[in-house]
Amino acid sequence: MKTVEEIQRAVELLSAQELVRFRIWFEVFDADRFDAVLMRDAEAGKLDALASDAIVHHRTRQSRDL
């Protein structure tokens, strides 16, 4: 396994075209990891309180606008 420092050095050596390809790959990789964590948290109920608060806030705001 490479260390972060080794990976950083390797990235610094990439050509401009390779850096673009790496950046695109990493964006997708990072988004997929974020989505997986978000789904696990949602399935575990860790976001329920936030969702409830958002719904209450939305309904409260709607009733004031009427």
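Every value quoted in this text rests on a predicted model; they were computed, and no experiment measured them.

Rules and cut-offs
- For every chain, the first residue of its written sequence is number 1, and the numbers climb from 1 along that sequence.
- Confidence filtering applies because this is a predicted model: local features only for residues at pLDDT of at least 70, side-chain atom pairs given and counted only at 80 or more, and all residues used for totals across whole chains, interfaces and linings.
- Side-chain numbers here rest on the full set of heavy atoms in the structure, without hydrogens or water.
- We count a stretch as a helix when DSSP gives it H or I for four or more residues in a row; a strand needs E for two or more, and each element gets its number in order from the N terminus.
- Using C-alpha atoms as the atom set, the radius of gyration is obtained and then compared with a globule rule of 2.2 Å times the number of residues to the power 0.38.
- Only protein chains enter the calculation, and the probe is 1.4 Å; a residue is then buried if its accessible area is under 20% of its type maximum, exposed if over 50%, and partly exposed in between.
- Note that His is not counted, nor are the chain ends; the positive residues are Lys and Arg, and the negative ones are Asp and Glu.
- Here the site of a charge means atom NZ of a Lys, CZ of an Arg, CG of an Asp or CD of a Glu.
- Salt bridge, as used here: a side-chain nitrogen of Lys or Arg that lies within 4 Å of a carboxyl oxygen of Asp or Glu.
- Patches in this entry comprise residues that are over 30% relatively accessible and not in a salt bridge; like charges within 9 Å are linked, as are nonpolar side chains (Val, Leu, Ile, Met, Phe, Trp, Tyr) within 5 Å.
- The accessible surface values rely on the Shrake-Rupley method and a 1.4 Å probe; as for residues, cover is taken only from the protein chains in view.
- Every residue carries a pLDDT, the predictor's confidence in it, which falls somewhere between 0 and 100.
- In a helix, the anticipated span is given by 1.5 Å times the number of residues less one.
- Each aromatic pair joins two rings of Phe, Tyr and Trp (for Trp, the six-membered one) with centres within 6.5 Å, and gets the label stacked for planes under 30 degrees apart, edge-to-face for over 60, and tilted for any other angle.

Details of the overall build of the protein
Part 1: Check the secondary structure of the protein and you find 3 helices and 0 strands.
Part 2: Ordered by position from N to C terminus, the α and β elements of the protein give α-α-α.
Part 3: The globule rule puts the C-alpha radius of gyration for 66 residues at 11 Å, and the 21 Å found for the protein is more than 25% above it.
Part 4: Taken over the C-alpha atoms alone, the protein extends approximately 60 × 30 × 15 Å along its principal axes.
Part 5: By residue count, 0% of the 66 residues in the protein fall in the buried class.
Part 6: Taking the 10 positively charged and 13 negatively charged side chains of the protein as two groups, their mean positions are separated by 2 Å.

Observations regarding the pattern of salt bridges
Part 1: Taken as a whole and assessed by the stated rule, the structure comprises 1 salt bridge.
Part 2: We note a salt bridge from Lys-46 to Asp-41, for which the minimum N-O separation is 3.8 Å.
Part 3: The exposure class of Asp-41 is partly exposed, given its relative accessible area of 23%.

Concerning a nonpolar patch on the surface
Part 1: Nonpolar side chains collect at one region of the surface, where Phe-22, Trp-25, Phe-26 and Phe-29 lie side by side and expose about 370 Å² of accessible area between them.
Part 2: Within the element layout of this structure, Phe-26 appears in helix H2 (residues 16-43).
Part 3: What makes Phe-26 partly exposed here is its relative accessible area of 37%.

Considerations on the confidence of the model for the protein
Part 1: Averaged over all residues, the pLDDT of the protein is 93; the fraction at 70 or higher stands at 97%.
Part 2: By mean pLDDT, the top-scoring element of the protein is H2 (98), and the lowest-scoring one is helix H3 (residues 48-65) (86).

A look at H2
Part 1: Compared with an ideal rise of 1.5 Å per residue, which puts 28 residues at 40 Å, H2 spans 40 Å between its outermost C-alpha atoms and is within 8% of the ideal.
Part 2: Within two residues after H2, Gly-45 carries a phi angle of roughly 80 degrees, on the positive side.

Observations regarding the packing of aromatic side chains
Part 1: Enumeration according to the criterion identifies 5 aromatic pairs in this entry.
Part 2: Pairing Trp-25 with Phe-26 gives two aromatic rings, centres 6.1 Å apart and planes at 55 degrees, and the pair type is tilted.
Part 3: Aromatic side chains Phe-26 and Phe-29 sit 5.9 Å apart centroid to centroid with 40 degrees between the ring planes, which places their arrangement in the tilted category. Residue Phe-26 and its partner Phe-29 are both found in helix H2; the two are separated by 3 residues, about one turn of the helix.
Part 4: Overall, the relative accessible area of 31% leaves Phe-29 in the partly exposed class.
Part 5: Clustering of aromatic rings is evident, with ring pairs tying together Phe-22, Trp-25, Phe-26 and Phe-29.

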